[in-house]
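Chain residues, written in single-letter form:
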Amino acid sequence: SRGPFVDLNCAGLSKELLESELFGHERGAFTNAMNAKQGLFEIADDGTLFLDEIGEMDPSIQARLLKAIEEKKFRRVGGTRDIRADFRLIAATNRDLSVEVGAQRFRGDLYYRLNVVKLRMPALRERMEDLPVLVQEILRPLSKEMGRPVPKVSPRALKKLETYPWPGNIRELRNVLERSLLTLHGDEIRSEDLLLTDVRMKP
């Protein structure tokens, strides 16, 4: 728990880049590999590796990941030497991996190896009691970044936020609050300062 915390979003990375990021590579392993590079497994040794959007990972990388988890050792791309690393692995996904396994888009053996302790993060619309705290936690750094005092949020504005379905979850909430700060005159966010657009609603 006192070791490094290393995170990687697996979505949008090519198979080759993801493999290099995770396992590292040796000099000359591929074009433009001018120097050897440590992978995140090495960097996370004695710490935690967090893989976000693991459901997007290429099946061939899933096989290498399973081996690294099982044996606590791996080889860099282009390498011949085993490297040992002791790490805690946390993985997140917005997909139902049991469904992905059934559709043969995710390896069953990796799924069952990962599924030791399963935590479900409810959507924002399912935990509206958290919204007032989240609003303050988001406004504080945004206000500091913009060099202005943290504004108050009127009761009507908070009510408007609480009755919105939040299809975009926390990211959408942050964007709404950031937009309101950019156009805000005064020290209070009012209901009319909040521009909410539910993309699921037909015009």
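Before reading further, recall that the structure is shown in the block above.
Not measured: the values here are computed from a predicted model. (Residues numbered from 1 in each chain as written. Predicted model: local features only at pLDDT ≥ 70, side-chain atom pairs only at ≥ 80, totals over all residues. Heavy atoms only, no water.)

Observations regarding the environment of S98
So, step 1. Position of S98 relative to the elements: it lies in helix α4 (residues 97-102).
So, step 2. Judged by relative accessible area, S98 falls into the partly exposed class, the value being 36%.
So, step 3. It is 8.2 Å that separates the C-alpha atoms of S98 and G108, two residues lying 10 residues apart in sequence.
So, step 4. In this structure the side chain of S98 is engaged in a polar contact, spanning 2.5 Å, whose partner is the side chain of D96. (Helix = DSSP H or I, 4+ residues; strand = E, 2+ residues; numbered from the N terminus. Buried < 20%, exposed > 50% of the residue type's maximum accessible area, 1.4 Å probe, protein only. Polar contact = N/O pair within 3.5 Å; in protein donor to acceptor, adjacent residues only side chain to side chain.)

Some points on the pairing of strand β4 (residues 47-52)
Looking along a regular strand, one sees side chains alternate from face to face of the sheet.
So, step 1. Extensive coverage of β4 is indicated by the burial of five of its six residues.
So, step 2. Judged from the five bridges that link them, strand β1 (residues 5-9) and β4 form a sheet pairing that is parallel. Each residue of the ladder has a partner; that of F5, found in β4, is T48. (Pairing = 2+ DSSP bridges.)

A short note on helix α3 (residues 59-71)
So, step 1. For α3, built from 13 residues, the straight-helix expectation of 18 Å at 1.5 Å per residue is met to within 8% by its first-to-last C-alpha distance of 19 Å.
So, step 2. Residues of α3 that are buried include every one of I61, Q62, L65, L66, A68 and I69, and no others. Looking straight down α3, one finds its buried side chains confined to an arc of 165°; they lie on one side. (Expected span 1.5 Å × (residues − 1). Arc of directions from axis to C-beta.)

Focus on the environment of M121
So, step 1. The residue M121 is located in the loop between α5 (108-114) and α6 (131-146) in this model.
So, step 2. Note: C-alpha distance between M121 and F23 (98 residues apart in sequence) is 29 Å.

Focus: the nonpolar core
So, step 1. Counting residues in each nonpolar core, the largest one holds 26 residues, and the members touching the most others are L22, F41, L49, L51, M57 and L65.
So, step 2. Of all elements in the fold, only β1, α1 (15-23), α2 (40-43), β4, α3 and α5 reach the threshold of two or more residues within this core.
So, step 3. Ranked by residues supplied to this core, first place goes to α3 with five residues.
So, step 4. When neighbours within four sequence positions are excluded, L51 is seen to be in contact with L8, C10, L22, M57, L65, L89, I90, A91 and A92.
So, step 5. Residues L124, V135, L181 and I189 belong to the second largest nonpolar core, which totals 18 residues. (Core = buried A, V, L, I, M, F, W, Y, C linked by side-chain atoms within 4.5 Å. Contact = heavy atoms within 4.5 Å.)

Remarks on the pattern of salt bridges
So, step 1. According to the stated counting rule, one finds 19 salt bridges in the structure shown.
So, step 2. Note that D109 and R107 form a salt bridge whose closest N and O atoms lie 2.7 Å from each other.
So, step 3. On the basis of relative accessible area, D109 is assigned to the partly exposed category, the value being 36%.
So, step 4. Residue R107 is classed as partly exposed on the basis of its relative accessible area, which comes to 32%.
So, step 5. With a shortest N-O distance of 3.1 Å, E178 and R174 are connected by a salt bridge. Note that E178 and R174 are positioned in helix α8 (residues 169-182) at a spacing of four residues, about one turn of the helix.
So, step 6. Relative accessible area serves as the criterion here: at 23%, E178 is assigned to the partly exposed category.
So, step 7. Take R174: its relative accessible area is 35%, and that puts it in the partly exposed class.
So, step 8. A cluster of three or more residues bridged by salt bridges with shared partners is formed by E56, R95, E100 and R105. (Salt bridge = Lys/Arg side-chain N within 4 Å of Asp/Glu carboxyl O.)

The analysis is restricted to geometry; functional conclusions fall outside its scope.
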